[in-house]
Amino acid sequence: MDYKKYVAEKLATKDLAENEIRELLSVPPDLEKGDLTLPCFKLAKVLRKSPVVIANELKSVFEGDVNFSAVESVNGYLNFKFNRASFASQVLADVLSGKEKYGSSDMGKGKTICIDYSSVNIAKPFHIGHLSTTVIGGSLYKIFEFLGYKVVGINHLGDYGTQFGKMICAYKLWGNKQAVEKGGVKELMRLYVRFHEEAKQNPELDDKAREYFKNIENGCREENELFTWFKDITLKEVKKIYEKLNIKFDSYAGESFYNDKMQPVIDELTEKGLLVESDGAKVVKLDDFGMPPCIILRSDGASLYATRDLAAALYRKKTYDFYKCLYVVAYQQDLHFKQLFKVLELMGKEWAKDMVHVSFGMVSLEDGAMSTREGKVVLLEDVLNKAVEKCLNIINEKNPNLEDKENVAEIVGIGAVIFGTLFSGRIKDITFSYDKMLNFDGETGPYVQYTCARCKSVLRKSGEIKDYKVTSVNDDEYALTTLLARFPEIVKQSAEKYEPSIITRYSVDLAEAYNKFYFDYRILGEEDDVKNYRLALTSATLYVLSSALRLLGISVPEKM
């Protein structure tokens, strides 16, 4: 039952609209005060009575209502305490009938959401700086899909610019095919770093790099074959990492894809009188909106990120007719996206309001910022491998006879990295530390996964769950039940706020509530009625915890 809807319907009158009451209803922070509360202060002006009098009068509407064990008026608040047995029966029925689909909905039916995330750079390593955009975007993909939206995951590859001229120049001077095929992206990175070191002493190399990039743009065969080769090597390596992280994409259309789609944008900006000259460059002035001009063409006629992003936005709207288009990009690009969305608005694109920059904090090393040019990066592959290795060491120490322990170590180790990245609000800066990321104690992914394994163990020992009847519910069982009931709302909140950490923190709360219940009460040794009810509660917890982890991109092992 939707208790908010039920209460709002019962209280609705010609003076009090149902939707107005429903919006005022909330869950108190302390269960002792009730399961639902209605603050009557905002109603005082409409009803011309004090909040205390209003709460006392509204209380009478619920006299004899079997859905509530108590309805109390306290200092202008109307507090509702649910009938615990009735509430627990309803929640368990919902979860156990819904199973993996509990918490899902069709609210997104007929709507498409584009999510631009990860956006790796060709011929550069997939490093820890890409972790946040990749797992936040991957989680949002799963969350929106769970809510019935059609989701289009876009990997807007960084495959355009003079750095590719630098790569070709470095390869021709110091590289060879055998070394690149053997070393992959690490070898390409070594060549890229060497180019920047050599260019400090020999600036003419930069001119040569610009020439090679111009050859790519002009379709020269040799340079384009090398560029395509570098791209294939990069994608082959990063797709292995995406597979480990449970990440998928529907499009790998990168910057170069829009090379032939920019001119129509420039033409439209010109036709609408938005493009003006400034110091030889072509810009859209945004002074009236408190922003510097958005540069569309440099003085040498070269395009920029903004030019390609405008072309990409127009292409995505035409191709997917999106309901929302999300850009999961670090907050350092705040100004870029504000300019991008404003230019689209000035072009008369009413759908510009549907573009959202889902920003997140930066990742830095403990001794400062990362730099690809200097080769100062932490490779994501190394992080994942180290997490799995640490997990395997723990298993060998604590449970050496565990079945399929290498696979368990993979699931738990990678889950720890994803969970750790998604645990804090996305806007927080992260200072990367192996010790913190690979800490398996406390509010971590392995703790939640272990709770799932514990539930599975209980259910394996019990055999089939027989019919259960809820007759009485203690405080810990009720706390666990109220958390299970909140899951559908938690999923919606995480989608509305583009914030997977809401699910991450919820999963820790749910795991803690189950573990308290597990340690304080017997399950298998109780009488049949109590045992079957507690097994149903265990099964419901497993469904919800597994779904929460799945929405984060984390798998659940059978045993740990």
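What this report covers is the structure whose coordinates are included nearby. Computed from a predicted model, the values in this text were never measured in an experiment.

In this section: the packing of helix 12 (residues 305–320) against helix 13 (residues 334–346). Here helix 12 crosses helix 13 at 50 degrees, and the two axes come no closer than 10 Å. Between helix 12 and helix 13, the interaxial angle falls into the category oblique. Pair helix 12 / helix 13 crosses with right-handed handedness. Here Y305, A306, D309, L310 and A313 of helix 12 lie close against helix 13, whose contacting residues are H336, F337, L340, V343 and L344. Classifying every residue of the contact of helix 12 with helix 13 by side-chain character gives eight nonpolar, one polar and one charged.

When a protein is soluble and globular, its nonpolar side chains tend to lie buried together. L38, F80, I115, L140, F144, F230 and L269 are the most contacted members of the largest nonpolar core, which has 181 residues in total. The element contributing the most residues to this core is helix 20 (residues 528–552), with twelve residues. What L269 contacts, discounting residues up to four positions off in sequence, is L274, L275, V284, I296, L310, V343 and M347.

This part takes up the sheet that holds strand 1 (residues 36–39). Taken together, the three strands give an open sheet; going across it, the order is 1-3-2, and neighbouring strands pair in antiparallel fashion. Of all strands in the sheet, those with a lone pairing partner are strand 1 and strand 2 (68–74), marking the two edges. The sheet shows a mean angle of 15 degrees between the axes of neighbouring strands, taken without regard to direction. Both strand 2 and strand 3 (residues 77–82) contribute to a ladder of six bridges, which runs antiparallel. Across the sheet, residue V71 finds its bridge partner in strand 3, namely F80.

What counts and how
- Throughout this document, residue positions are counted from 1 along each chain, in the order its sequence is written.
- Reporting in this predicted model follows two pLDDT cut-offs: at least 70 for local features of residues, and 80 or more for side-chain atom pairs to be given and counted; totals over whole chains, interfaces and linings ignore these cut-offs and use all residues.
- Derived side-chain values reflect all non-hydrogen atoms in the structure, with water molecules and hydrogen atoms excluded from consideration.
- Every axis in this analysis is a line fitted to C-alpha atoms, fitted for helices over the stretch in contact. Angles between the N-to-C directions lie between 0 and 180 degrees.
- Helix and strand assignments follow DSSP, with helices taken as H or I runs no shorter than four residues and strands as E runs no shorter than two, numbered in order from the N terminus.
- What sets the label is the angle itself: under 35 degrees gives roughly parallel, over 145 gives roughly antiparallel, 65 to 115 gives roughly perpendicular, and the rest give oblique.
- Note on convention: the crossing is left-handed when the near helix lies turned anticlockwise from the far helix by less than a right angle, right-handed when the turn is clockwise.
- Between two residues, a contact is recorded if the distance between any of their heavy atoms is within 4.5 Å.
- Any residue outside Ala, Val, Leu, Ile, Met, Phe, Trp, Tyr, Cys, Pro, Asp, Glu, Lys and Arg is labelled polar, Gly included; the first ten of those are nonpolar and the last four are charged.
- The definition of a nonpolar core used throughout is a set of buried Ala, Val, Leu, Ile, Met, Phe, Trp, Tyr and Cys residues joined through side-chain atoms within 4.5 Å.
- Remark: exposure states derive from per-residue accessible area (1.4 Å probe, protein chains only) relative to the maximum for the residue type, with buried under 20%, exposed over 50%, and partly exposed in between.
- Strand pairing follows a simple DSSP-based rule, namely that at least 2 bridges must link the two strands.

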